[in-house]
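One letter stands for each residue in the lines below.
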Number of protein chains: 4
Amino acid sequence: MTVFTEQLVEANRNVWATMARHPFVLGLADGTLPDSTLRAWVQQDRIFVIEERRGVATLRAHGLPSRLDDLLADLDRSLVVEAEAFTRTAADHGFAAEAEPWPVCLGYTSYLRCAAYDGVLEGLTALYAAERAYLDTWTAAAERSPADSPYHGWIQNWSGEPFRAFVAAFGRGLDELAGAPSPNLADRLGLVFAGAVRFELAFWEMCWSGQAWPG
Amino acid sequence: MTVFTEQLVEANRNVWATMARHPFVLGLADGTLPDSTLRAWVQQDRIFVIEERRGVATLRAHGLPSRLDDLLADLDRSLVVEAEAFTRTAADHGFAAEAEPWPVCLGYTSYLRCAAYDGVLEGLTALYAAERAYLDTWTAAAERSPADSPYHGWIQNWSGEPFRAFVAAFGRGLDELAGAPSPNLADRLGLVFAGAVRFELAFWEMCWSGQAWPG
Amino acid sequence: MTVFTEQLVEANRNVWATMARHPFVLGLADGTLPDSTLRAWVQQDRIFVIEERRGVATLRAHGLPSRLDDLLADLDRSLVVEAEAFTRTAADHGFAAEAEPWPVCLGYTSYLRCAAYDGVLEGLTALYAAERAYLDTWTAAAERSPADSPYHGWIQNWSGEPFRAFVAAFGRGLDELAGAPSPNLADRLGLVFAGAVRFELAFWEMCWSGQAWPG
Amino acid sequence: MTVFTEQLVEANRNVWATMARHPFVLGLADGTLPDSTLRAWVQQDRIFVIEERRGVATLRAHGLPSRLDDLLADLDRSLVVEAEAFTRTAADHGFAAEAEPWPVCLGYTSYLRCAAYDGVLEGLTALYAAERAYLDTWTAAAERSPADSPYHGWIQNWSGEPFRAFVAAFGRGLDELAGAPSPNLADRLGLVFAGAVRFELAFWEMCWSGQAWPG
């Protein structure tokens, strides 16, 4: 029988395919990203990881099985490192690290935080969606990323063994907790998952198209 | 196979037995409750239902399957009616309806609210524990309650057909959502359920023994 | 001294001005909205009010001063009526009322719900932002709305006396609770307010430009 | 003008006085605590600090001013150390560190977590109540604690300079955020504070009297 997390990914194959060939993803992979796009991404993704830590804290406050709690403690530490890497990248390129969140960034992080507030399974499902989408998309993109591409380090980070092991362990932990959810619960968590991966794709689109606030 | 809610009750049979023969329960059933105990109960249970409404609102804010949402909307309305009945009873007996929550009352209602904050399954499980304990205990006590007992109306309320039908529908809704939970999840929800029914028993003990704040 | 809610509006005058002249607002006022825009708006705003009710429930679950609680109970009832009006409008125009939330709709409602989860002042501030923006924008637009415009009823609803009285009472309740907040708290609530009104504007832009999910 | 946190302490002077002369406090200070009482305290307080960490995580998930966030990160680390110290003490005395929470312990920790869920000011106020009560009570008790008392280390921990500096900084942070709260808000936070300190006293009474679950 297909485990729960694989069912979720399976049901969103079309989003996975769209993510893997999105111009932002391809541009970061092969190093052809326009400067303004890089800047938008670095600034918005830095906000994303800071806000993601709030979602992680909300989840851990609900009291998690110890293995999942340890994994999220690891994730929290790696998000701190990632935020610092974005700050350094901003400095290297001569733009400010701090910026205002754009609508899709603020909406996506609010969505993840709401899922965490709504419960352990909801929050873990949304967070897993985001992490799994990252792993799979950058793994697909990695083969297009020459070793001398300026952003090669990022691609390696999200397609390398440590991150792959983390996402696999996270999936096992979620599958162990969710088991074979009832149809009602599977529907509910399926909606949460689909919302998160669509926001992930919309986030890249936002960076690519420079979708700031109107007005 | 035994459905989830019956497994939970089964695992707490000893608490069920202790509740059914608790002196507070017997005293309310046969109409021999001392005045000070009646007063403590009316005042504290009035607070309980007001706070329980906050837990119900928290749960509904998470977004529930529509049948469960309808049931909790019904419960919310009946809690308003119940709070008013406590207020009237206080007036009939010449004491104030408003009082300070005692430690077990404040602790129990905080526990229910926390369960609701922690998620849909946790909150529904805790709430179901409280409602099911009420139904079963007062049903057991009803045969000891003469029709002319001064508190006969309360016993009838919590052992009568409408409340029985509500608890049964609530159980079905929770079973449909919880399905056959994973061992991890069953452990987690089992702890929530056991905590709630022990608080229910401790609440009656508080009323019976007049356990106000120390100092 | 300017009360807190007026300081918040004052600090966002530019967003207010942009809202009042947004093509979606003008088009709804003078009755020239394209069919596809009307449809997007009716479907997305119906989702918005359904999700807004979850934010209202979250806020009331925190326990509000009784006047504010009564006001939010009124709001909740009017949101039910509004959702039904959107459903009827969809039927009148021959399209389905049910739809998927678009990114800005899902992001905005998640943002309001997060604010409610983060606390009473945060949640009330975000909700007030949404209601006040509605009142002021549709009041400004009302003079451009001929009585025989097909959407005149909506404009009247959000610029008429009952809604004006509700928003005024809501503002007084929030001002009474917030008092003269510390600089730290004023900054925090100012960010929440600004985020909500920018999302309000982005919501209209989403309806106007048909901003569905990418991919 | 008296700052907010001092007003809160002032309004609960009678609880402060009762705490400082509670037999549990005196017994821990002079080293005469019965073995069963020590065991109850070590086991229940260990649970308390574990659950308190959940309250701290909930608060930090709301997004705090950075100075308060840093302080709570410090607190979180010291709670880990404290839980380990309780585990060691249990081993030294030959009893299990793990135990079930008793009603007042479960009620008190649920109360603190609810306050954190209800908002930043509510949660900080409840947490400050607990920490300040600890500092003041053990400072008062310290002079009755001979240096060779078996529990002298605990008393020193909670009356020493590092903890005093932490509580002072926490109070300043809370005062800066709360400012001069409106009467409505001051009432609300005053109730939260009073509930927490009464639970603190009830916790010691629970340890002293061995108040386990009934039945």
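Sequence order sets the numbering: in each chain, residues are counted from 1 along the sequence as written. Labels follow written order: the first chain is A, the first ligand is 1, and so on. Residues qualify for local features only when their pLDDT is at least 70, as the model is predicted, and side-chain atom pairs are given and counted only at 80 or more; totals for whole chains, interfaces and linings, by contrast, use all residues. Excluded from the side-chain calculations are hydrogens and water; all other atoms, namely the structure's heavy atoms, are used.

1. Thoughts on the overall build of chain A
Quick note on the threshold: Numbered from the N terminus, helices here are DSSP runs of H or I no shorter than four residues, and strands are runs of E no shorter than two. As defined in this context, the radius of gyration uses C-alpha atoms, and a globule is described by 2.2 Å times the residue total to the power 0.38. Throughout, a residue-residue contact means that at least one pair of heavy atoms, one from each residue, lies within 4.5 Å.
Within chain A, the regular secondary structure consists of 10 helices and 0 strands. Beginning at the N terminus, the succession of helices and strands in chain A can be written as α-α-α-α-α-α-α-α-α-α. Here chain A has a C-alpha radius of gyration of 17 Å; the compact-globule value for 215 residues is 17 Å, and the two agree. On the principal axes, the C-alpha backbone points of chain A span a range of 50 × 35 × 35 Å. Considering only intrachain contacts with a sequence separation of at least 6, the fraction spanning at least 24 residues in chain A is 85%.

2. Re the interface of chain A and chain C
Let me state the cut-off plainly: Buried area is understood as the total, over both parts, of accessible area removed when two parts are fitted together, assessed with a 1.4 Å probe. The salt bridge criterion pairs a side-chain nitrogen of Lys or Arg with a carboxyl oxygen of Asp or Glu, the two atoms within 4 Å. Contacts described as polar in this section are N or O atom pairs within 3.5 Å, which, within protein, must combine one atom able to donate a hydrogen with one able to accept it, while residues neighboring in sequence count only if both atoms come from side chains.
Residue-level contacts link 21 residues of chain A with 21 residues of chain C. In this assembly, chain A packs against chain C so that about 1,900 Å² is buried in total across both faces, 69% of it on carbon and sulfur atoms. The three residues of chain A that bury the most area against chain C are Arg198(A), Trp213(A) and Pro214(A), which together make up 28% of that side's buried surface. For the interface between chain A and chain C, the tally reads 6 salt bridges. Notably, a salt bridge pairs Arg54(C) with Asp118(A), separated by 3.3 Å at the nearest N-O pair. Linking chain A to chain C there are 8 residue pairs in polar contact (both at pLDDT 80 or more). Elements with a minimum of two residues in the side of chain A that touches chain C: α6 (103-118) and α10 (183-209) of chain A. The dominant element in the side of chain A that touches chain C, judged by the number of residues it contributes, is α6(A), at 9 residues.

3. Notes on the interface of chain B and chain D
The condition is simple: Each residue gets one label: Ala, Val, Leu, Ile, Met, Phe, Trp, Tyr, Cys and Pro are nonpolar, Asp, Glu, Lys and Arg are charged, and the others, such as Gly, are polar.
With 21 residues of chain B in contact, the opposing surface of chain D contributes 21 residues. Buried surface at the junction of chain B and chain D, both sides included, amounts to about 1,900 Å², of which 69% is carbon and sulfur. The three residues of chain B that bury the most area against chain D are Arg198(B), Trp213(B) and Pro214(B), which together make up 28% of that side's buried surface. Inspection of the region where chain B meets chain D yields 6 salt bridges. Salt-bridge contacts for Glu100(D) lead to Arg198(B); the nearest nitrogen and oxygen are separated by 3.0 Å. At the surface where chain B touches chain D, the tally comes to 8 residue pairs in polar contact (both at pLDDT 80 or more). Only α6 (103-118) and α10 (183-209) of chain B provide two or more residues apiece to the side of chain B that touches chain D. Counting residues per element, the side of chain B that touches chain D draws most heavily on α6(B), which supplies 9 residues. For the side of chain B that touches chain D, the residue count by class is 10 nonpolar, 5 polar and 6 charged.

4. Considering the relation of the copies chain B and chain D
Short version of the rule: Superposing the copies works by least squares over the C-alpha atoms of residues that have pLDDT at least 70 in both of them.
When chain B is brought onto chain D, the operation consists of a screw motion whose angular component is 180 degrees and whose axial shift is 0.0 Å, with 0.0 Å RMSD remaining. The transformation relating the two chain copies, once decomposed into turn and shift, fits a two-fold axis. The rotation axis passes nearest to the C-alpha of Gly107(B) in chain B, at a distance of 1.7 Å. Looking at the interface residues of chain B, 100% of them are also at the interface in chain D, so both copies use one shared face.

5. So, the side chain of Glu82(A)
Mapping Glu82(A) onto the fold places it in helix α5 (residues 66-93). Beyond its immediate stretch of four places on either side in the chain, Glu82(A) contacts Val49(A), Trp154(A), Asn157(A) and Trp158(A).

6. Looking at the packing of aromatic side chains
Which entries qualify depends on this criterion: Only Phe, Tyr and Trp rings are paired, with Trp represented by its six-membered ring, and only when their centres lie within 6.5 Å; those with planes under 30 degrees apart are stacked, over 60 edge-to-face, the remainder tilted. Working definition: with a 1.4 Å probe on protein chains only, accessible area under 20% of the residue-type maximum means buried, over 50% means exposed, and in between means partly exposed.
According to the stated counting rule, one finds 90 aromatic pairs over all chains in the structure shown. Geometrically, the ring pair formed by Tyr128(A) and Phe170(A) is edge-to-face, given 5.5 Å between the ring centres and 85 degrees between the ring planes. Residue Tyr128(A) is located in helix α7 (residues 120-142), and its partner Phe170(A) is located in helix α9 (residues 161-178); the two are separated by 42 residues in the primary sequence. For Phe170(A), a relative accessible area of 0% puts it in the buried group. Here the aromatic rings of Tyr117(B) and Tyr117(D) are separated by 4.5 Å at their centres, their planes lie at 10 degrees, and the arrangement is stacked. Highlighted residues: Tyr117(B) in helix α6 and Tyr117(D) in helix α6 (residues 103-118), drawn from two different chains. Per residue, the accessibility class of Tyr117(B) equals that of Tyr117(D), and both read buried.

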